[in-house]
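# Architecture and fold: a report
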Amino acid sequence: MTRLPRDARMYWVVSGLVRMAVLGIGLAAAVWFLNWPRWLFVAPAIVVVLGLIDLAIVTLRYRNYGYRVDEREFFVARGRWVRRTVTIATPKILNVEVSQGPVQRLFNLAKVTVSQVVGTHDLGPVRPEEAERLRALLLDVAEREER
Amino acid sequence: MTFRCPPRSIIASFLHSLPSILPVAVVVVLAGLGELGKPSWAAVAVGLALLSLLYSPVEWFTTRYTLKDSGIECRKGLLFRSVRSLAWDAITSIEVKQDWSHRLLRLHEVSLTQASFEPALVLRGLDAPLVDELRRRVGGTSSEVVQPARVISTIYRADLGDLLVMSLVRGQVFLLGAAGLFSLWQFVDDLLPGGGALDIVGAVALWVQVMVAVAAGTVVGIGITVVKYHGFHVRLEDGLLTTSYGLIERRDRRFDPDAVLGVVVQRNIVERLLGRARLAVLTRDREAELEVNTVLPTLPRSTVEAVAREHFGDLAPPMLLTPERGLGKAALNLIALGTLVGLGTWALFATEAPWWVWPIVLLSLWLLPWWALAAYHTRFELDSPLITVRRNFIGERVTTIRSRSIRAVGTGIIGGGRRCAWTWITTYAGGPQRYWALGVGREDADGLRGLVLGADGTC
C-alpha cells in the first residue's frame, strides 16, 4: 500500500482551519445580524467542536490512509476505527481528473478523482507528479479496454 | 432500399396531436373572431398555429430512410440536415408501438435502441411490411432470403381475470383509480352549470360519498389497467422473447437474448399473501424502465419460477424466492415503520410544530428507517458468474445480474469487526445502480472484490 506524502497532514490541518473559520464565522454572523434566535449560536459552536476533533485526528487519519493503483485495481482504504475501502477494476474507470486548489498548491499537492459509470471516487492529496503518473496509468488502461 | 413513411403518417401525426391542440385552437380562434379587423395576439397565435401545421408535412417530406446490408440510415432536415446511421449489430432492441391514431390508419412507431435509455432512432408511421422488414434485419437475417413461417410459442397470455388480479395486487387501482377519478371529477364539475357538482354531492351523506368515491376509484383503476395491459402476451417468436400489450396504445417489445443482463423477481406484501410474484428483465438499454421490461405481471410464484428457469436459466439463481411466504417478518417490518411514523405524528401534534416541519419529519421518519431496514435485509449471494442481490424486507426483490456488470465495491468496518458494517456495490446493467447491505461477512466482501477484479475471469 502506498502512503500519502507527509505534507498531506499540514494540508489537512490548514484546510480544516479554513473550513472551520469560514463556516463558524459565517453561521455566527448569520445568527447575529439576521436576528435569529440566540440558541442557534449552538450551530457555529458545533462546527468548531467538530472541526477541532477533525484536527485532533489528522495524524491518525494520515497513518491509516493508503492506496494501491495498478493496471488491475484502484484500491483506497482509509480510517482505523471506521475502516472504509473502495475497490474498482482499473479497466472500468471512465475518466480521471487531477485538481489542485489554492491550499493544495501551497503544499505542492493535488487530488485525483476517478469517474466510473456510477459516481466518482477521490484519492489524495498526493504529489502532482504522482497524480500525473496515476492519470496516465489509468487512462492508458482505459484506452486499452476501449480497443 | 430507400423510403419515406407513407403519406398517411402526416394525418396520423395531426390526429395524434389533435386532443392537445384542439381546445387551445378553439379558444384562440374564438378570441380572434371577437377582435376581427384588429391585429391582436390571437391573430398572431392563429398564424403560428397555421405555421405549426406545416411541421408534419415538411418533416415527412424531408425524412428518408435507407436500409442497407450493414445498417439503417436516416437522412432528415430542411435547413439543418443530418444523417444518422445505425449498424444492425449495434441495435439491442426493437420496440413497436401503436397509439390510437396509428391504429386507426394501420401504422406503427418503431423505436430502435442501442445501449442507452433513449431510442437511437424512432421511425413514426410505418406500414406493417416495413416493420416486419426491420424486425428481420435487426434479427440478423436479410430480406432477400425467403423466410420460413414464423415459429411462435406462447409463454403467457393474460385474460381478463389476470388483469383484474394484477390491478388489485399491484396497487394499480389506487394509483390509476385516484388519478382517473380526480380527472373525471374535474370534468363533471366543469360541465355542470352554477355551483358545479359540489352542490349535488353536498346533499348526500358523508359515508355515501366515501363509498361512492372508493367504488368509482376502484372501477376507474381497474378500467385503466385493463385498457393499458389489454391482451398482455409473452411469446417466443423465432426464438426471441417478445411481449405485447395495450388496447388503445399497443406496445410490442422484442428482446435480444444477448442484451438481457439480469432478471428481477419481486413480490409485494399482497403478492406474498396470495403466493404470487412478477418477473422483469434488465436489458442493456432499459434497466430504468422495469415497467416496459415486465415479462410476467403477477402470476403464481411456481409459474414465475418455471418461466424464469426455462427462459433465463443462465440468469436464475438456485433459489429464486425464499421458500416460505415470510409474512410474519414482513408484517413486523411494516408495523415497526408504521409505529415510528405514528410516534412522529403524535410528537408533532404534542409540540404543535409548524406546518412546514410536518412533511420533513414524517418523510425522514419513513424514508431513513426504510433505507436502513432495507439495507439490513439485503444480502449479496455470489455464484460466479452471477451475483444475486436479495432484499427480503416488506416485499421481496431478487435481482440476479452477471458479475461482469459490477463496477465497484465499497466496505466500511467499525472497530475491526468480523463483519462489514456496510457494503455497497455499483453495477451497470442497462443503467447505473447502487445496492447497499449491512452486516456482510468479510469473506463475502472479499469475494465481491474478486468479482470486480475479474478473479473469475469475467472482467
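Residues numbered from 1 in each chain as written. Chains lettered and ligands numbered in written order. Predicted model: local features only at pLDDT ≥ 70, side-chain atom pairs only at ≥ 80, totals over all residues. Heavy atoms only, no water.

Within chain B, the regular secondary structure consists of 14 helices and 20 strands. Split into buried and exposed, the 459 residues of chain B put 42% on the buried side. About 23,700 Å² of surface is accessible on chain B, with carbon and sulfur atoms providing 66% of the total. (Helix = DSSP H or I, 4+ residues; strand = E, 2+ residues; numbered from the N terminus. Buried < 20%, exposed > 50% of the residue type's maximum accessible area, 1.4 Å probe, protein only. Areas by Shrake-Rupley, 256 points an atom, 1.4 Å probe, with all protein chains shown as cover.)

Another aspect to go through is the sheet that holds strand β3 (residues 71-76) of chain B. Residue and element names in this part refer to chain B. A sheet is described by the order of its strands in space; here four strands give the open sequence β1-β2-β3-β4, paired in antiparallel fashion. Of all the strands in the sheet, the pair left with one neighbour each is β1 (2-3) and β4 (82-87). Where strand β2 (residues 64-67) and β3 come together, four bridges link them in antiparallel fashion. Paired with Tyr65 across the strands is Cys74, a residue of β3. (Pairing = 2+ DSSP bridges.)

So, on to the sheet that holds strand β14 (residues 294-300) of chain B. All names here are of chain B. Taken in spatial order, the six strands line up as β14-β13-β12-β17-β16-β15 in an open sheet, and their pairing is antiparallel. The open sheet has two edge strands with one neighbour each: β14 and β15 (378-383). Taken pair by pair, the neighbouring strands of this sheet meet at an average axis angle of 15°, ignoring direction. Pairing between strand β16 (residues 386-392) and strand β17 (residues 396-402): seven bridges, direction antiparallel. Of the residues in β17, the one forming a bridge with Asn392 is Glu396. (Axes fitted to C-alpha atoms, helices over the stretch in contact; angles between N-to-C directions.)

Right, let's get into the pattern of salt bridges. Residues and elements named next belong to chain B. All chains considered together, the criterion is met by 25 salt bridges over all chains. Put simply, Glu381 and Arg390 hold a salt bridge, and the shortest N to O gap is 2.8 Å. The network of salt bridges with shared partners includes Arg267, Arg272, Glu381, Arg390 and Glu396. (Salt bridge = Lys/Arg side-chain N within 4 Å of Asp/Glu carboxyl O.)

All names here are of chain B. Counting buried positions along β14 yields six of seven residues, so the element is predominantly enclosed. With four bridges connecting them, strand β13 (residues 276-283) and β14 associate as antiparallel partners. Bridging from a neighbouring strand, Ala280 pairs with Thr294 of β14.

Here we take up the pairing of β13(B). Residue and element names in this part refer to chain B. With eight of eight residues buried, β13 is to be regarded as a mostly interior element. Taking every second residue as pointing to the same face, both faces of β13 are buried, with Arg276, Arg278, Ala280 and Leu282 on one and Ala277, Leu279, Val281 and Thr283 on the other. Bridge analysis of strand β12 (residues 260-267) against β13 gives six bridges, and the strand direction is antiparallel. Counted as the bridge partner of Val263 is Val281 from β13.

What follows covers the packing of aromatic side chains. Tallied over the entire structure, the rule returns eleven aromatic pairs over all chains. Here the aromatic rings of B:Tyr156 and B:Phe232 are separated by 6.4 Å at their centres, their planes lie at 55°, and the arrangement is tilted. Of this pair, B:Tyr156 sits in strand β8 (residues 152-157) while B:Phe232 sits in the loop between α9 (206-228) and β9 (233-237), and the two are 76 residues apart along the sequence. Pairing B:Tyr229 with B:Phe232 gives two aromatic rings, centres 6.3 Å apart and planes at 40°, and the pair type is tilted. We note that B:Tyr229, like B:Phe232, is buried. Note that A:Arg9 overlies the ring of A:Tyr62, its terminal NZ or CZ placed 4.8 Å from the centroid. When the ring centre of B:Trp424 is taken as reference, the NZ or CZ atom of B:Arg434 above it lies at 4.4 Å. (Phe/Tyr/Trp six-rings, centres within 6.5 Å; stacked < 30°, edge-to-face > 60°. Lys NZ or Arg CZ within 6 Å of the ring centre and 35° of its normal.)

Here we take up the confidence of the model for chain B. All names here are of chain B. With 84% of its residues at a pLDDT of 70 or more, chain B shows a mean pLDDT of 79. The element-level mean pLDDT for chain B is lowest in helix α8 (residues 197-202), coming to 63, with strand β18 (residues 406-414) highest at 91. Between residues 141-147, whose pLDDT stays under 50, and residues either more than four places distant or in other chains, the model counts eight contacts. (pLDDT = per-residue confidence, 0-100. Contact = heavy atoms within 4.5 Å.)

Glancing now at the interface of chain B and chain A. A common way to report how large an interface is uses the accessible area buried once the components associate. Across the contact, 22 residues belong to chain B and 17 residues belong to chain A. Summed over both partners, the interface of chain B with chain A comes to about 1,700 Å²; 62% of that surface belongs to carbon and sulfur atoms. Summed over the shared surface of chain B and chain A, the result is zero salt bridges. Counting across the chain B and chain A interface gives seven residue pairs in polar contact (both at pLDDT 80 or more). Counting residues per element, the side of chain B that touches chain A draws most heavily on β18(B), at eight residues. Considered class by class, the residues forming the side of chain B that touches chain A number eleven nonpolar, seven polar and four charged. (Buried area = accessible area lost by both parts, 1.4 Å probe. Polar contact = N/O pair within 3.5 Å; in protein donor to acceptor, adjacent residues only side chain to side chain. Nonpolar A, V, L, I, M, F, W, Y, C, P; charged D, E, K, R; others polar.)

Turning next to a positive patch on the surface. Taken together, the side chains of A:Arg3, A:Arg6, A:Arg63 and A:Arg80 make up a positively charged region of the molecular surface. With respect to the helices and strands, A:Arg80 occurs in the loop between β3 (73-78) and β4 (82-89). (Patch = residues over 30% accessible without salt bridge, like charges linked within 9 Å, V, L, I, M, F, W, Y side chains within 5 Å. Lys, Arg positive; Asp, Glu negative; His and termini not counted. Charge placed at Lys NZ, Arg CZ, Asp CG, Glu CD.)

Let us now look at the confidence of the model for chain A. Averaged over all residues, the pLDDT of chain A equals 89, while 98% of them reach at least 70. By mean pLDDT, helix α5 (residues 128-146) of chain A is the weakest element of chain A at 83, and strand β2 (residues 66-69) of chain A is the strongest at 94.

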